[in-house]
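Spelled out from the first residue to the last, the chains are:
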Amino acid sequence: SILQAEGVIHIKDAAKRITDALGIGRIGNRILEKIIDGATYGHRNNLFHHSKDFLYHDANKIVEVRDRSDFDPSLKKIENIAPEEIQKALIDTISMAFSLPESEAISVALSSMGFSRSTEKASVIIGAEIAKLFKEKKIKLEDNRIVIN
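Just so it is clear, the model here is predicted, and its values are computed rather than measured.

Student: Help me get a handle on the pairing of strand β5 (residues 145–148), residues and values and all.
Tutor: With 4 bridges joining them, strand β4 (residues 139–142) and β5 adopt antiparallel strand pairing. For K140, the partnering residue across the bridge sits in β5 and is V147. Linkage of β4 to β5, two consecutive antiparallel strands, is achieved through a turn of 2 residues, within which D143 is found at a positive phi near 55°.

Student: Describe the pattern of salt bridges, and please don't skip the residues or the numbers.
Tutor: One pass over the full model with this rule turns up 9 salt bridges. Here K121 makes a salt bridge to E79, at a shortest N to O gap of 3.6 Å. On the criterion of sequence distance, the pair formed by K121 in helix α6 (residues 120–135) and E79 in the loop between β3 (54–56) and α4 (83–97) is long-range, its members being 42 residues apart. Between K138 and E136 there is a salt bridge whose closest N-O contact spans 3.3 Å. Residues participating in the shared-partner salt-bridge network are R66, R68 and E85.

Student: Please provide a residue-by-residue account of the sheet that holds strand β2 (residues 49–51), values included.
Tutor: Read across the sheet, 3 strands follow the order β1-β3-β2 without closing on themselves; strand pairing throughout is antiparallel. Of all strands in the sheet, those with a lone pairing partner are β1 (8–10) and β2, marking the two edges. Between one strand axis and the next, the sheet turns through 20° on average, direction left out of account. One ladder, built from 3 bridges, connects β1 with β3; its direction is antiparallel. Residue pairing in the sheet places H10 in a bridge with F54 of β3. Its contacts with the sheet put helix α2 (residues 11–21) on β1 and β3, and the angle it makes with β1 is roughly 85°.

Definitions and cut-offs
- Residues numbered from 1 in each chain as written.
- Predicted model: local features only at pLDDT ≥ 70, side-chain atom pairs only at ≥ 80, totals over all residues.
- Heavy atoms only, no water.
- Pairing = 2+ DSSP bridges.
- Helix = DSSP H or I, 4+ residues; strand = E, 2+ residues; numbered from the N terminus.
- Salt bridge = Lys/Arg side-chain N within 4 Å of Asp/Glu carboxyl O.
- Axes fitted to C-alpha atoms, helices over the stretch in contact; angles between N-to-C directions.
- Contact = heavy atoms within 4.5 Å.

In structure tokens:
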């Protein structure tokens, strides 16, 4: 299944893949509603985990950072990446570098997910995940550089 191969996928990306496979050109509100109903059914029957707008292989929400360099642009939206994957990209980036300024952590984490440049939207989304990691005490600031706590 897609979830076994990829680990986590946004419901809208799953909807696009389903409709593309069925030859349906556009995802209308009714189609999206039916796909969300299917996701709810799959979650209730323990086929996968559905949380907020994301589908996970299971409730552990274990994710791997995926390189989206070769993805179709319609499937390459920062807002459709699970927070857990963004946080893992940040932790991996900071761990490899030992310490980084925030702007560089954002840039390198985005690059690891296959984004060639940092847009304002991407910086805001990644910045929000950095704030969560600070709050959860997974990272800290030393000499204006982010380090693993």
